[in-house]
Amino acid sequence: MRKVTIRFQDVATELAQINTARDDVMERAFSMLEQRHGTLAAMLVQSLGDRQRAVRWMCRHQNAFDGRTAYELLADGEEDTVWDEIALLSDAPVSARMNAVRMAY
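Model, not experiment: these values are computed from the prediction. (Residues numbered from 1 in each chain as written. Predicted model: local features only at pLDDT ≥ 70, side-chain atom pairs only at ≥ 80, totals over all residues. Heavy atoms only, no water.)

**Student:** Just give me the short version of the nonpolar core, but keep the residues and values in it.
**Tutor:** Ranked by size, the top nonpolar core spans 19 residues in total, and within it Phe30, Leu33, Leu44, Trp57, Met58 and Val82 carry the most contacts. Of all the secondary-structure elements, those providing two or more residues to this core are α1 (8–36), α2 (38–48), α3 (51–59), α4 (70–75) and α5 (79–91). Each residue touching Leu33, except ones within four places of it in the same chain, is listed here: Gly38, Leu40, Ala41, Met58, Tyr71 and Leu74. (Core = buried A, V, L, I, M, F, W, Y, C linked by side-chain atoms within 4.5 Å. Buried < 20%, exposed > 50% of the residue type's maximum accessible area, 1.4 Å probe, protein only. Helix = DSSP H or I, 4+ residues; strand = E, 2+ residues; numbered from the N terminus. Contact = heavy atoms within 4.5 Å.)

So this is what it looks like as structure tokens:
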């Protein structure tokens, strides 16, 4: 049998490419959200403090959404559920809102 050698530099390069592609998709998705659901996007940015946090929050698997992302809820027609969670974020202390955008990879 042939031994396959994995070089960490190759892994690091590939992960960087994947992260760049992921960041691009996240940004394009949020731009589409701003076009189709402008009020929701604006309220999310306001609630979280900046656009980049809102971009990440939309892609994060949320316990409040049974492990789904906000995009998955929107795709399933559950916009009200997303609005409800944004309202809860708006009422939360700033420290809780900052922790809400941490993503698990």
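On we go.
**Student:** Can you tell me about the packing of α2 against α3, naming the residues and giving the values?
**Tutor:** It is the contact of α2 with α3, at a shortest axis distance of 8 Å, that shows an interaxial angle of 110°. Classed by the angle they form, the pair α2 and α3 counts as roughly perpendicular. Considering the relative orientation of α2 and α3, their crossing is right-handed. Residues Leu44, Val45 and Leu48 of α2 pack against Arg51, Arg53, Ala54, Trp57 and Met58 of α3. (Axes fitted to C-alpha atoms, helices over the stretch in contact; angles between N-to-C directions. Parallel < 35°, antiparallel > 145°, perpendicular 65-115°, else oblique. Left-handed = near helix turned anticlockwise from the far one by under 90°.)

**Student:** Give me the lowdown on the packing of α1 against α2, citing residues and values where you can.
**Tutor:** Where α1 meets α2, the closest approach of the two axes is 5 Å, and the angle between their N-to-C directions is 120°. Taken together, the axes of α1 and α2 are oblique relative to one another. Across from Phe30, Leu33, Glu34 and Arg36 in α1, the residues of α2 making contact are Gly38, Leu40, Ala41, Leu44 and Val45. Looking at the contact of α1 with α2 residue by residue, the classes come out as six nonpolar, one polar and two charged. (Nonpolar A, V, L, I, M, F, W, Y, C, P; charged D, E, K, R; others polar.)

**Student:** Mind laying out the side chain of Glu85, listing which residues take part and the relevant values?
**Tutor:** Of note, Glu85 is situated in helix α5. Look at Glu85: it is buried, it has no salt bridge, and the nearest opposite charge is Arg60 at 7.4 Å. (Lys, Arg positive; Asp, Glu negative; His and termini not counted. Salt bridge = Lys/Arg side-chain N within 4 Å of Asp/Glu carboxyl O.)

**Student:** Requested: an account of α2, with residues and values cited.
**Tutor:** By the burial criterion, the buried members of α2 are Leu40, Ala41, Leu44, Ser47 and Leu48. Each buried residue of α2 sits inside an arc of 130° when the element is viewed along its axis, so together they form one side. Turned more than 90 degrees off the buried face of α2, the exposed positions are Thr39 and Gln46. (Arc of directions from axis to C-beta.)

**Student:** So, the packing of aromatic side chains: which residues are in play, and what are the values?
**Tutor:** The tally for this structure, following the rule as stated, stands at one aromatic pair. Ring geometry for Trp57 versus Phe65: centroids 6.0 Å apart, planes at 80°, classification edge-to-face. The burial state of Trp57 is the same as that of Phe65; both residues are buried. (Phe/Tyr/Trp six-rings, centres within 6.5 Å; stacked < 30°, edge-to-face > 60°.)

**Student:** Please set out the pattern of salt bridges residue by residue, giving values where relevant.
**Tutor:** With the rule as written, the count across this model stands at seven salt bridges. In this structure, Arg53 and Asp50 form a salt bridge, with 3.1 Å as the shortest nitrogen-oxygen distance. In this structure, Arg68 engages Glu78 in a salt bridge whose closest nitrogen and oxygen atoms are separated by 3.2 Å. Taken together, the residues Arg68 in the loop between α3 and α4 and Glu78 in the loop between α4 and α5 connect sequence positions ten residues apart. A single salt-bridge network, built from bridges that share partners, covers Glu27, Glu34 and Arg51.

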